[in-house]
Amino acid sequence: MDSNLKDTKLRFFREWIDKTEQKVSILPTQEQSGAIAFVWLGLLLRIDYFVTPRGKLGFDIYEAISAYYLDDNKLIEEKNDALQKASIKLKELSSQKLSKNLYPVKQTFDIFTSNNLDEIRSFIDETLAKIIWYKEHKYEEIILTIYEYQALYMLYNFGMNDCLRELVQLNVRLHNTDFYSALGMSSMYKSEGVLDSTKISRTIKTILKTYDRLYPHLYDFSDSLNYESLEKFHHSYFNVIKSLSFSEL
């Protein structure tokens, strides 16, 4: 792997863990155990997606994520503790040891089976319902974290057609504009917290245009999205994504 790319990945790797620890430290442990789970899972998924560790490091992340979803009757607080310990263990690794697990890869998550679109739509509905609950109960600080988790988990867990995958990856990019900027890519924001609707709309149009012959029922939904705030944008984005038709007839 290019040394500059490797250094960038390692820098963000440590920054993400530090920021996650800070975020969790201000959340009430008992009252927001569900929110804390989203934070730790989001961190591990982000590391796996962007840093792309392989070997034992990649396997350890896979094990930590998989253990959380096991139906083993453990309390969510116990599962959160396990996620935290796994994250701290990663943080304690030396840069030299981390570097040995970084290789150039053609893809991030290894998905071997395709999923029914109804499964994906059901997951989106369930997650949006949880976001609404947090919104109604004034847990504002966790909402964007759940939107990012939602996109990363879809890429991690579901086999999607190429068009849907690209649309979900665009959403992930909006959550991590600082990482992409460090790699020399242009920002999708006019200023901090203010989306560049023109750039986003153009990107969506490009994605859809690539697949319009394969999926004739796709339509340009970019102008129907709510660009007023990050929260409203992500909500409108996932609501549109779940309604897209990928019929080839």
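Our subject is the structure that appears above.
Throughout this document, residue positions are counted from 1 along each chain, in the order its sequence is written. Side-chain atom pairs in this predicted model are given and counted only at pLDDT of 80 or more, local residue features only at pLDDT of at least 70, and totals for whole chains, interfaces and linings cover all residues. In computing side-chain values, all of the structure's heavy atoms are included and hydrogens and water are not.

1. Points about the overall build of the chain
- The way it works is that DSSP assigns letters per residue, a run of H or I at least four long becomes a helix, a run of E at least two long becomes a strand, and they are numbered from the N terminus. The number of helices and strands found in the chain is 11 helices and 2 strands.
- Across the chain, helices and strands are ordered from the amino to the carboxyl terminus as α-α-α-α-α-α-α-α-α-β-β-α-α.
- A globule of 249 residues ought to have a C-alpha radius of gyration of about 18 Å, and the chain, at 18 Å, matches this closely.
- Each principal axis of the C-alpha atoms in the chain carries an extent, and together these give about 50 × 45 × 40 Å.
- By the burial criterion, 47% of the 249 residues in the chain qualify as buried. Radius of gyration: C-alpha atoms only; globule rule: 2.2 Å multiplied by the number of residues to the exponent 0.38. The cut-offs for exposure are 20% and 50% of the maximum accessible area for each residue type, with area from a 1.4 Å probe on protein chains only; residues under the lower value are buried, those over the upper are exposed, and the others partly exposed.

2. Re the environment of Gln32
- With respect to the helices and strands, Gln32 occurs in the loop between α1 (3-25) and α2 (33-51).
- Linking Gln32 and Tyr134, residues 102 residues apart in sequence, is a C-alpha distance of 9.9 Å.
- Note on definitions: a residue-residue contact is assigned when non-hydrogen atoms from the two residues lie within 4.5 Å. Not counting residues within four places of it along the chain, the set of residues in contact with Gln32 comprises Leu27, Tyr134, Tyr139 and Glu141.

3. Topic: the environment of Lys190
- Considering the arrangement of structural elements, one finds Lys190 in strand β1 (residues 189-191).
- Residue contacts for Lys190: discarding those within four places in its chain leaves Leu195 and Asp196.

4. Structural notes on the pattern of salt bridges
- Between Lys or Arg on one side and Asp or Glu on the other, a salt bridge is scored when a side-chain nitrogen of the former is within 4 Å of a carboxyl oxygen of the latter. Per the counting criterion, the structure on display carries 14 salt bridges.
- The salt bridge partner of Arg11 is Glu15, with a shortest N-O separation of 3.5 Å. Highlighted residues: Arg11 and Glu15, both in helix α1, separated by 4 residues, approximately one helical turn.
- Look at Glu15 and you get partly exposed, because its relative accessible area is 28%.
- Residue Glu21 is joined to Lys91 by a salt bridge in which the shortest nitrogen-to-oxygen separation is 2.8 Å. Residue Glu21 is located in helix α1, and its partner Lys91 is located in helix α4 (residues 76-91); the two are separated by 70 residues in the primary sequence.
- Its relative accessible area of 25% is what places Glu21 among the partly exposed residues.

5. What to know about the packing of helix α3 (residues 55-69) against helix α7 (residues 143-157)
- Only the contacting stretch of a helix is used when fitting its axis, a line to C-alpha atoms as for every element, and angles between N-to-C directions run 0 to 180 degrees. Relative orientation of the contacting elements α3 and α7 amounts to 105°, with a least axis distance of 14 Å. Taken together, α3 and α7 sit at an angle that is classed as roughly perpendicular. Residues Tyr62, Ile65, Ser66 and Tyr69 of α3 touch α7, and the partners they reach there are Tyr149, Tyr153 and Tyr156.
- All amino acids are sorted into three groups, where Ala, Val, Leu, Ile, Met, Phe, Trp, Tyr, Cys and Pro are nonpolar, Asp, Glu, Lys and Arg are charged, and the leftover types, Gly among them, are polar. Of the residues in the contact of α3 with α7, the class split is 6 nonpolar, 1 polar and no charged. Roughly parallel refers to an angle under 35 degrees, roughly antiparallel to one over 145, roughly perpendicular to one between 65 and 115, and oblique to any angle outside these ranges.

6. Here we look at the nonpolar core
- Formed by 81 residues in total, the largest nonpolar core has its most connected members in Ile47, Met154, Cys163, Leu167, Phe221 and Tyr237.
- In contact with Met154, not counting residues within four places along its chain, are Ile120, Phe123, Ile124, Met160, Val168 and Phe238. For our purposes a nonpolar core is just a set of buried Ala, Val, Leu, Ile, Met, Phe, Trp, Tyr and Cys residues, chained together by side-chain atoms within 4.5 Å.

7. A closer look at the packing of aromatic side chains
- By convention, a stacked pair of Phe, Tyr or Trp rings (six-membered ring in the case of Trp) has centres within 6.5 Å and planes under 30 degrees apart, an edge-to-face pair has planes over 60 apart, and any other such pair is tilted. The full count for this structure, using the stated rule, is 27 aromatic pairs.
- Seen in terms of ring centroids, Phe50 and Phe179 are 4.8 Å apart; in terms of plane orientation they differ by 55°. Their pairing is tilted. Highlighted residues: Phe50 in helix α2 and Phe179 in helix α9 (residues 177-182), separated in sequence by 129 residues. For the pair shown, Phe50 and Phe179 are each scored as buried.
- Consider the rings of Tyr237 and Phe238, whose centres lie 6.2 Å apart with planes at 90°: the pair is edge-to-face. Neither Tyr237 nor Phe238 differs from the other in exposure class; each is buried.
- Joined through ring pairs, the aromatic side chains of Phe38, Tyr68, Tyr69, Phe123, Trp133, Tyr134, Tyr139, Tyr149, Tyr153 and Phe158 make up one cluster.
- In this analysis the charged atom, NZ for Lys or CZ for Arg, is taken to sit over a ring once it is within 6 Å of the ring centre and within 35 degrees of the ring normal. Here the guanidinium or amino end of Arg46 rests over the ring plane of Trp16, the centre of that ring lying 5.4 Å away.
- Here the basic side chain of Lys79 rests over the ring of Tyr68, its NZ or CZ set 5.8 Å away from the ring centre.

8. So, unusual backbone geometry
- In this model, Thr52 sits at a positive phi of 50°, which is unusual for a non-glycine residue.
- Along the chain, the position of Thr52 falls in the loop between α2 and α3.

9. Side note on the side chain of Ser99
- With respect to the helices, strands and loops of the structure, Ser99 is situated in helix α5 (residues 95-99).
- Given a relative accessible area of 19%, Ser99 falls into the buried group.
- Look past the residues within four positions of Ser99 in its chain and what remains in contact with it is Lys6 and Leu10.

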